[in-house]
Amino acid sequence: MRQLLAFEYRKLVRSKALYICLIVMAVLSVAGVIITRSTMNMLNSFGGMYDDDLMGAGGFFSGYSGMRYLVSSCKGTNMTIFFAIFVTIFICADFTEGTIKNIVARGFSREKVFFAKSIVICSGSVVFSILSMLVGFIAGTIAFEAGSGFDGGVVVTLLVQLLAMIAYTMMNVLLGVLFGKLGGALTLGIIIPLVYPLLIQLLDLLIVVLSKNYDVRSDFFSRFTVGTNIDKISELDVPGNDLLIAAVIFAVYILFFTLLGVLAIRKKEV
Amino acid sequence: MKGASEMDEFILETRQLTKKFGNKLAVDHVNMHIKKGDIYGLIGKNGAGKTTIMRMMLSLAFPTSGDIYMYGKKITGTSDVRMGSLIEAPGIFKSYTAYENLKSFCVLYGIKDTIIEPILKIVGLADTGKKKAGQFSLGMKQRLGIAIALLAEPEIIILDEPVNGLDPAGIKDVRDLVIKLNKEKGVTFVISSHLLDELSKMVTKYGIINNGFLLEEIDAGELERRGRHQMLITVSDPLRSADLIATMIPPQDICIAGNQVIVNAHFEESARFNKLLVENGIWVSSLELKSEGVEQYYMNAMGDMR
């Protein structure tokens, strides 16, 4: 296992896709902050409003700060797209280049290969997410202010967010193993996080319509999606209960994708 | 029940190896026997099951039934097997150099990278420098694939169509490499190829497969002995020559092709044939003994199946 891990880490640090995604992610994060700050500056110049009016309590840009960008950098479709790209490229590389044959033929079990790949790419995703958070924090601090309230609660929030990123990663690992070919895995890796919440919302709507009971919760299913929960915990001062529920849901997704991945690779002829 | 020593005689053995894809029987109860030091040529037409057998030997595909043994011990997917392989296209990182490719697999196999330079020299890739494997010619990629197969000093190397798409020089390079490793390092090879004449230059034992069924295993020497032989006599007057020779041997052993008289068997009479023809004023340009090659033997074996 140690040799497999060393082999996979070696590949990860040499993966161009990882660095390209990191650079694009950083550029997009900084661009997002710049656009927000520029909008604020425009309002200042046209409306004669000052930073205190806009960023103060009740202001349109109230609460914008490095801290806010820190806790919200993992939400949104950008991250799911980045994960789809670099995770599937990493996982599919051995299948498309045929190097998986050199691994399996030497007696390494398929399960060990799966876990080695998963551990390495998950650690890559964690580093990617942390860097995304840091870039968001630095850019937000430069454009607005550092903000306050960094405490144990924020650390726990960030750790739970990392669990969500691992869940996305494991979904893409599963797709990579199932397809083996980059095209299919990448396409589904991008589409599923976009379409799945919509289908779940439709299902919720259907329940309400069928029951004709408009008191039924409209988020009956959607409260269990990764997207809903990551949105919920991408704030400062997230209630402990929400964090706990989100952590359990993310962990269940990780376990689910891992189990499916192991089953898929066990049956896979390479 | 076989004794332990009899079982261990074979470095690699398949017993009743079978593979089905849906309802199609791709490999049909194949029993192969490969001895240490063999260069075993697996021959058969496209879709005969050669690659599937090799993939199962390497645990890349799962047998529907039957087993594979190495030194009498059953191979499972996680066995500590010292097998190198080149199946279909070589498994290489195209964005790495030859050295980096081997370095990565040294890390995987847990071996020191001091082995890399000697192996690159063996396969003739020592001078490729910073050139990425993706820019290599097909022959160079094949040799890099073989270099990866050579890491960790495998006892047996399985090569599937290793000379496919190579130019004559590349084919010779691979052949020389196989013979060199077999002679100098005692590496056992299992090789499949469509180029039967090329294969015959290195193989010590053949396995002939058709529609997933192993028709025959035969040593190269035995194949040579069993092969049909013919005497080709190139003469100035083939018709008269054939009549003259027919006075010495049964006419059904003689036929004519162009300016040649072809004689089946009776090779010990070659000097007397020559004397007879010359005494009757016929010019004999050449007299050669030709034996049936592996290709003809294979075609005959396939013909017997029809």
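Described below are features of the structure shown in this document. This one's a predicted model, so the numbers in the text were calculated from it and none came from an experiment.

Digging into the nonpolar core
In terms of nonpolar packing, the biggest core is built from 145 residues, with Phe 128 of chain A together with Leu 12 of chain B touching the most fellow members. No other element matches the 15 residues that helix H8 (residues 152–179) of chain A contributes to this core. Residues in contact with Leu 12 of chain B, not counting those within four places in the same chain, are Met 32, His 33, Ile 34, Met 57, Ile 68, Tyr 69, Met 70, Ile 75, Met 83, Ile 156 and Ile 158 of chain B. Counting residues in hydrophobic clusters, the runner-up holds 14 residues, among them Leu 244, Ile 245, Val 261 and Leu 277 of chain B.

With respect to the interface of chain B and chain A
Contact with chain B, which involves 37 residues of that partner, is made by 26 residues of chain A. Scanning the region where chain B abuts chain A turns up 3 salt bridges. Between Glu 269 of chain A and Lys 19 of chain B there is a salt bridge whose closest N-O contact spans 2.5 Å. Taken together, the connections running from chain B to chain A amount to 16 residue pairs in polar contact (both at pLDDT 80 or more). Within the residue set of the side of chain B that touches chain A, elements represented by two or more residues are strand S1 (10–21), strand S7 (83–86), helix H3 (98–109) and helix H5 (138–150) of chain B.

Things to note about the side chain of Gln 161 of chain A
Residues and elements named next belong to chain A. By the element assignment, Gln 161 lies in helix H8. For Gln 161, a relative accessible area of 0% corresponds to the buried category. In contact with Gln 161, other than residues within four places in its own chain, are Val 71, Cys 74, Met 133, Ile 230, Ile 233 and Ser 234.

As for the packing of aromatic side chains
The geometry of an aromatic ring pair is captured by two quantities: the separation of the ring centres and the angle between the planes. Enumeration according to the criterion identifies 15 aromatic pairs over all chains in this entry. Ring centres 5.6 Å apart and planes at 55 degrees place the aromatic pair Phe 256 of chain A and Phe 257 of chain A in the tilted group. Of the residues examined, Phe 257 of chain A reaches a relative accessible area of 11% and is grouped as buried. Consider the rings of Phe 105 of chain B and Tyr 109 of chain B, whose centres lie 6.0 Å apart with planes at 35 degrees: the pair is tilted.

Things to note about the pairing of strand S8 (residues 156–160) of chain B
For a regular strand, side chains alternate in direction, first toward one face of the sheet and then toward the other. All names here are of chain B. With 5 of 5 residues buried, S8 is to be regarded as a mostly interior element. With burial as the criterion, each face of S8 is covered, one bearing Ile 156, Ile 158 and Asp 160 and the other bearing Ile 157 and Leu 159. By the bridge criterion, 4 bridges tie S7 to S8 in an arrangement that is parallel. Considered in S8, the bridge of Gly 84 is made with Ile 157. Sheet topology note: the S8/strand S9 (residues 188–192) ladder contains 5 bridges and is parallel. Looking at the pairing, Leu 159 lines up with Ile 191 of S9.

Cut-offs used in this document
Residues numbered from 1 in each chain as written. Chains lettered and ligands numbered in written order. Predicted model: local features only at pLDDT ≥ 70, side-chain atom pairs only at ≥ 80, totals over all residues. Heavy atoms only, no water. Core = buried A, V, L, I, M, F, W, Y, C linked by side-chain atoms within 4.5 Å. Buried < 20%, exposed > 50% of the residue type's maximum accessible area, 1.4 Å probe, protein only. Helix = DSSP H or I, 4+ residues; strand = E, 2+ residues; numbered from the N terminus. Contact = heavy atoms within 4.5 Å. Salt bridge = Lys/Arg side-chain N within 4 Å of Asp/Glu carboxyl O. Polar contact = N/O pair within 3.5 Å; in protein donor to acceptor, adjacent residues only side chain to side chain. Phe/Tyr/Trp six-rings, centres within 6.5 Å; stacked < 30°, edge-to-face > 60°. Pairing = 2+ DSSP bridges.

This is a description of form; function is not addressed.
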